[in-house]
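Listed below are the residues making up each chain.
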Amino acid sequence: MSNSPATTTAAAGSRLDGARMVLRLLGGHQVQPDVETPHTVLHTGEHRMLRRYGDLEDRRAARAAGRPPVLLVPPLAVPARCYDLGPGQSVVAELLAAGRVPYVVDFGDVDRSDRHLGFADYFDDIVPEAVGRVLADHAGADRDGSGSVDVVAWSLGGTVALLTAAAHPDLPIRSITAIGTPLDYDAVQPYPLVKKLMAPTGGKLVTGALHVLAGIPAPLVRIAYRGTAWQRELKKPAYIARNAGDVEALGRMQVIDRFQNSMPGYPGKVSLQMWENFVYRGELATGVVDFDGRCVDLTSIALPVQLFGSHRDAITSWAAARHGVDILADAEVHFTTVETSHLGLIAGDVASAETWPRVETFLGDLDAR
């Protein structure tokens, strides 16, 4: 039985629309608008912009329910938009839907002029300042600014959050959630091999290269990140062809591409400390890190901590994330496995179905106390 003229015309029109959409995509045009969750910029400063999501009613409802504000700390060398990629891929939207008020501290871009920035700049200055500003803003009618903050962080942002809590035990931090955070670099390939190859030079070959580069430039960071997701890159042409007429599917793909293309680099001192303290000397895995005489003891953290890991994570191995259970001996540690990619741990269908409901359960249990 042959198709009717109307059916044939509709099918041809659909194919034409799909072809046009693919051409727009390949031409670098947006197939969907870049939509950010509405927010207010509370403070601007060098490497410390602070945004609040939600309105006054959200804050009042959260305070009435006894839900502390949530400070989201991004990884270094990753744009803070990781927490608000777009509709259906937004951490801040997930938290707002759960009745919590999220704040995001944005470290911004870095270049050679920022080569002096080390981890202490983040855990001694930028993040503690953000905690204070969040509390002052969230208190609202309470005026006294009392209370505490739940800190949630992804990847290396979790390292910064844990270092902050350890370095400043008096900060009003109620809990830390670290998602896909590497805490043992010997459990992350290819670092053990690199250490072995660099052993004859005492690690100085890598140290010298980082000094020359004044950090890890953004283009190298972007190439490296795409390299960890090589399977996605290989499958992309087939994905585009299969979803040629699906605006939402192509829009989600384009959101990830935009995220990857906007990654800043690592500051010079941070990159040196990652290599020397975390990778070559393995100090982070012991729980005690010596940043040029500034010692930070993660084993002293006595807060409720939630950790997430995945066996499918190509950047932070499950064992590297799980190692936090061993070093955070004085903390109340909850470890959860969610099987997805590194980015998939915080954004997308799996994160919505598994990560964020478990974060809410963890925070809800603390509310009930």
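- The name an unreviewed UniProt entry assigns to the protein chain is Alpha/beta hydrolase, from the organism Gordonia desulfuricans.

## Description of empty space enclosed by the protein
The probe, sized like a water molecule, is rolled over the atoms to show the empty space still left.
Alright, step 1. A complete count under the given rule lists one cavity of 30 Å³ or more for this structure.
Alright, step 2. Of the pockets and cavities examined, the largest cavity occupies roughly 60 Å³.
Alright, step 3. If you go around the largest cavity, the residues you meet are Pro75, Leu76, Ala77, Val78, Phe107, Gly108, Val110, Tyr122, Pro264, Gly265 and Pro267.
Alright, step 4. Class assignment for the residues of the lining of the largest cavity results in nine nonpolar, two polar and no charged.

## Details of a nonpolar patch on the surface
Alright, step 1. On the surface, a cluster of nonpolar side chains totalling about 280 Å² of accessible area is made up of Leu213, Leu220 and Ile223.
Alright, step 2. Within the secondary structure, isoleucine 223 is located in helix H8 (residues 218-228).
Alright, step 3. Take isoleucine 223: its relative accessible area is 60%, and that puts it in the exposed class.

## Description of the nonpolar core
Alright, step 1. Counting 87 residues, the largest nonpolar core has Leu71, Phe119 and Ile346 as the members making the most contacts within it.
Alright, step 2. The leading source of residues in this core is helix H4 (residues 119-139), at nine residues.
Alright, step 3. Once you skip the residues sitting within four places of it in the chain, isoleucine 346 turns out to touch Cys82, Tyr83, Val91, Trp154, Ile179, Ala351 and Trp356.

## Observations concerning the layout of surface pockets
Alright, step 1. Considering only enclosed or pocket space, the second largest pocket measures out at about 900 Å³ in volume.
Alright, step 2. As for the second largest pocket, its lining consists of 33 residues, of which Tyr191, Ile216, Ala224, Tyr266 and Met274 are closest to the centre.
Alright, step 3. Those elements that place two or more of their residues in the lining of the second largest pocket are helix H6 (191-198), helix H7 (204-213), H8 and helix H11 (268-280).
Alright, step 4. Ranked by the residues each element gives to the lining of the second largest pocket, the list is headed by H8, at five residues.

## Regarding the packing of aromatic side chains
For any pair of aromatic rings, the description consists of the separation of the ring centres together with the inter-plane angle of the planes.
Alright, step 1. On inspection of all chains with the given rule, the structure shows nine aromatic pairs.
Alright, step 2. Each ring, one from tryptophan 318 and one from phenylalanine 335, has its centre 5.6 Å from the other, and the planes form 85°; the classification is edge-to-face. Pair noted here: tryptophan 318 is in helix H13 (residues 318-322) and phenylalanine 335 is in strand E12 (residues 332-337), with a separation of 17 residues, a long-range link.
Alright, step 3. For tryptophan 318, a relative accessible area of 27% translates into the label partly exposed.
Alright, step 4. A relative accessible area of 23% places phenylalanine 335 in the partly exposed class.
Alright, step 5. Among the aromatic residues, ring-to-ring pairing joins Phe119, Phe123, Tyr185, Tyr191, Phe278 and Phe291 into one connected group.

## Some words on the environment of serine 352
Alright, step 1. Among the secondary structure elements, serine 352 is positioned in helix H15 (residues 349-368).
Alright, step 2. For serine 352, a relative accessible area of 30% corresponds to the partly exposed category.
Alright, step 3. With 264 residues separating them along the chain, serine 352 and glycine 88 place their C-alpha atoms 8.3 Å apart.
Alright, step 4. When residues no more than four places from it in sequence are discounted, the contact partners of serine 352 are Glu94 and Pro357.
Alright, step 5. In terms of polar contacts, serine 352 uses its side chain to reach the side chain of glutamate 94, at 2.4 Å.

## Digging into the pattern of salt bridges
Alright, step 1. In this structure the tally under the stated criterion is 17 salt bridges.
Alright, step 2. Between arginine 100 and aspartate 367 there is a salt bridge, with the nearest N and O atoms lying 2.5 Å from each other. Of this pair, arginine 100 sits in the loop between helix H3 (91-97) and strand E4 (102-106) while aspartate 367 sits in helix H15; the two residues are 267 residues apart in sequence, bridging distant segments of the chain.
Alright, step 3. Put simply, arginine 174 and aspartate 150 hold a salt bridge, and the shortest N to O gap is 2.7 Å. You can see arginine 174 sitting in strand E6 (residues 173-179) and its partner aspartate 150 sitting in strand E5 (residues 149-154), a full 24 residues away along the chain.
Alright, step 4. When its relative accessible area of 17% is taken as the criterion, arginine 174 is described as buried.
Alright, step 5. For aspartate 150, a relative accessible area of 0% puts it in the buried group.
Alright, step 6. Linked through salt bridges whose partners overlap, the residues forming this network are Arg100, Asp150, Arg174, Glu360 and Asp367.

The rules behind the values
- Residues numbered from 1 in each chain as written.
- Predicted model: local features only at pLDDT ≥ 70, side-chain atom pairs only at ≥ 80, totals over all residues.
- Heavy atoms only, no water.
- 1 Å grid on protein atoms, 1.4 Å probe; cavity = no way out; pocket = protein on both sides within 12 Å on 5 of 7 lines; lining within 4 Å.
- Points joined across faces, edges and corners; volume = space filled by probe spheres on them.
- Nonpolar A, V, L, I, M, F, W, Y, C, P; charged D, E, K, R; others polar.
- Patch = residues over 30% accessible without salt bridge, like charges linked within 9 Å, V, L, I, M, F, W, Y side chains within 5 Å.
- Areas by Shrake-Rupley, 256 points an atom, 1.4 Å probe, with all protein chains shown as cover.
- Salt bridge = Lys/Arg side-chain N within 4 Å of Asp/Glu carboxyl O.
- Helix = DSSP H or I, 4+ residues; strand = E, 2+ residues; numbered from the N terminus.
- Buried < 20%, exposed > 50% of the residue type's maximum accessible area, 1.4 Å probe, protein only.
- Core = buried A, V, L, I, M, F, W, Y, C linked by side-chain atoms within 4.5 Å.
- Contact = heavy atoms within 4.5 Å.
- Phe/Tyr/Trp six-rings, centres within 6.5 Å; stacked < 30°, edge-to-face > 60°.
- Polar contact = N/O pair within 3.5 Å; in protein donor to acceptor, adjacent residues only side chain to side chain.

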